[in-house]
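A look at the structure
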Amino acid sequence: TLKSIKEPYQCIIAQFPGLYNSAMMAGDIENSMICRWSYSALGFWIGTQDLVSVTNNLATCIKEANKYRQNNVLYCAMAYCNAVFELSGTRGHNETKIKTFDELVEIGERTSSVILDWQTLMCRLAVLFWMRQYKDFAELSEIYPCSPSTGQKRCL
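Rules and cut-offs
Residues numbered from 1 in each chain as written. Predicted model: local features only at pLDDT ≥ 70, side-chain atom pairs only at ≥ 80, totals over all residues. Heavy atoms only, no water. Helix = DSSP H or I, 4+ residues; strand = E, 2+ residues; numbered from the N terminus. Buried < 20%, exposed > 50% of the residue type's maximum accessible area, 1.4 Å probe, protein only. Contact = heavy atoms within 4.5 Å. Areas by Shrake-Rupley, 256 points an atom, 1.4 Å probe, with all protein chains shown as cover. Disulfide = S-S within 2.5 Å. Axes fitted to C-alpha atoms, helices over the stretch in contact; angles between N-to-C directions. Parallel < 35°, antiparallel > 145°, perpendicular 65-115°, else oblique. Left-handed = near helix turned anticlockwise from the far one by under 90°. Nonpolar A, V, L, I, M, F, W, Y, C, P; charged D, E, K, R; others polar. Expected span 1.5 Å × (residues − 1). Patch = residues over 30% accessible without salt bridge, like charges linked within 9 Å, V, L, I, M, F, W, Y side chains within 5 Å. Salt bridge = Lys/Arg side-chain N within 4 Å of Asp/Glu carboxyl O. pLDDT = per-residue confidence, 0-100.

Things to note about the overall build of the protein chain
Helix and strand counts for the protein chain come out as 9 helices and 0 strands. Mapped from its N terminus to its C terminus, the protein chain presents α and β elements in the order α-α-α-α-α-α-α-α-α. Evaluated residue by residue, the protein chain yields a buried proportion of 38% over its 156 residues. For the protein chain, the share of sequence-separated contacts (at least 6 apart) that also reach a separation of at least 24 residues comes to 47%. Just so you have it, the protein chain exposes about 9,300 Å², and 54% of that area is on carbon and sulfur atoms.

Structure, rendered in structure tokens:
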């Protein structure tokens, strides 16, 4: 999985299903769930999967995250579901209650989950951008400042 940090995403996305299977066979549930979620998230960001495929992959990811009690993966996958649902104009799979962006922000703040906060923010920004709501995009990006130690005024 070190390649996922060093290589272009287009080159490594196809490796995630195999990494998922290897981790499951080794009993590494946490890593396998991260690989399952990464495959869906990358498919969304780099456009190698259509929104229906991303929704189906996320539904599988959410079911497994529930089964194995992997809450970080579960909630991050829900952030992507919200983005896909808003962009496609659907509500997708009904068997799992998908938490809204606002509920995910509350969970992220309550649990101090920087990863969930970041994923929710990026999914919200993606929706605003692709729906051409540029003013809302700019306003949302300004209310989440980066660390004061970096000297940046906002994270984008």
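Section: the side chain of S113
Position of S113 among the secondary structure elements: in the loop between α7 (101–111) and α8 (114–130). Given a relative accessible area of 11%, S113 falls into the buried group.

Structural notes on the state of the cysteines
Evaluation of the coordinates by the stated rule reveals 0 disulfides. Not engaged in a disulfide, the cysteine C76 finds its nearest cysteine sulfur in C123; these two sulfurs lie 8.4 Å apart. Judged by its relative accessible area of 4%, C76 falls in the buried class.

Brief notes about the packing of α7 against α8
Running from N to C, α7 and α8 cross one another at 155°; their axes reach a closest spacing of 8 Å. Here α7 lies roughly antiparallel to α8, going by the angle between them. Judged by the twist between their axes, the crossing of α7 over α8 is left-handed. For the pair α7 and α8, the contacting residues are F101, D102, L104, V105, I107, G108 and E109 in the first and L116, D117, T120, C123 and R124 in the second. Grouping the constituent residues of the contact of α7 with α8 by class yields 6 nonpolar, 2 polar and 4 charged.

With respect to helix α6 (residues 71–88)
Taking 1.5 Å per residue, 18 residues should reach 26 Å; α6 reaches 25 Å between its end C-alpha atoms and fits that length. By the criterion of burial, α6 is predominantly enclosed, with 13 of the 18 residues buried. Immediately beyond the C-terminal end of α6, within one or two residues, lies G89, with a positive phi of roughly 75°.

What about the packing of helix α4 (residues 29–46) against α8?
Direction vectors running N to C along α4 and α8 enclose 25°, while the axes themselves pass 12 Å from each other. Classed by the angle they form, the pair α4 and α8 counts as roughly parallel. Read as a crossing pair, α4 and α8 show a hand that is left-handed. Taken together, the residues of α8 that come into contact with α4 (itself represented by W37, F44 and W45) are Q119, M122, C123 and A126. Along the lines of polarity and charge, the residues of the contact of α4 with α8 split into 6 nonpolar, 1 polar and no charged.

Considerations on a nonpolar patch on the surface
A contiguous nonpolar surface patch, about 380 Å² in accessible area, is contributed by F129, W130 and Y134. By the secondary structure assignment, W130 is in helix α8.

A short note on the confidence of the model for the protein chain
Averaged over the protein chain, the pLDDT score is 88; the fraction of residues at 70 or greater is 87%. Within the protein chain, α6 carries the highest mean pLDDT (96), whereas helix α1 (residues 3–6) carries the lowest (70).

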